[in-house]
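Single-letter residue listing:
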Amino acid sequence: MHSQQVYDPTDESIMAEQELCMERPYAYNHTRPSEHAKRAQPLKEMLAECGAGC
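Residues numbered from 1 in each chain as written. Predicted model: local features only at pLDDT ≥ 70, side-chain atom pairs only at ≥ 80, totals over all residues. Heavy atoms only, no water.

When two helices pack together, their arrangement is given by the angle between their axes and by how far apart the axes lie. The contact between helix H1 (residues 12–29) and helix H2 (residues 36–46) brings their axes to 8 Å, and the two run at 150°. With respect to H2, the axis of H1 lies roughly antiparallel. Handedness of the H1/H2 crossing: left-handed. Residue-level contacts link Arg 24, Pro 25, Ala 27 and Tyr 28 of H1 to Arg 39, Pro 42, Leu 43, Glu 45 and Met 46 of H2. Looking at the contact of H1 with H2, its residues break down into six nonpolar, no polar and three charged. (Axes fitted to C-alpha atoms, helices over the stretch in contact; angles between N-to-C directions. Helix = DSSP H or I, 4+ residues; strand = E, 2+ residues; numbered from the N terminus. Parallel < 35°, antiparallel > 145°, perpendicular 65-115°, else oblique. Left-handed = near helix turned anticlockwise from the far one by under 90°. Contact = heavy atoms within 4.5 Å. Nonpolar A, V, L, I, M, F, W, Y, C, P; charged D, E, K, R; others polar.)

Written out as structure tokens, the structure is:
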């Protein structure tokens, strides 16, 4: 939008980015609460900052 180009939701690069954005919360939501290290990775990828014990 900022570049004033036509938005094409079927563009391969846009679809790949959207899929990645959906995969991260899915990965986080399908871990056990006790899997602290496994849960930390998707959080770090999704959030701009993530403090200790998040």
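Moving on, there is more to tell.
Within the structure shown, the criterion is met by zero aromatic pairs. Over the aromatic face of Tyr 28 sits the side chain of Arg 39, whose NZ or CZ is 4.2 Å from the ring centroid. (Phe/Tyr/Trp six-rings, centres within 6.5 Å; stacked < 30°, edge-to-face > 60°. Lys NZ or Arg CZ within 6 Å of the ring centre and 35° of its normal.)

Considered for burial, the residues of H2 that qualify are Arg 39, Pro 42 and Leu 43. All buried residues of H2 project into a common sector of 100° when viewed along the axis, lining one side. Facing away from the buried side of H2 by more than 90 degrees, the exposed set consists of Ala 37 and Lys 44. Taken together, the buried residues of H2 touch H1. (Buried < 20%, exposed > 50% of the residue type's maximum accessible area, 1.4 Å probe, protein only. Arc of directions from axis to C-beta.)

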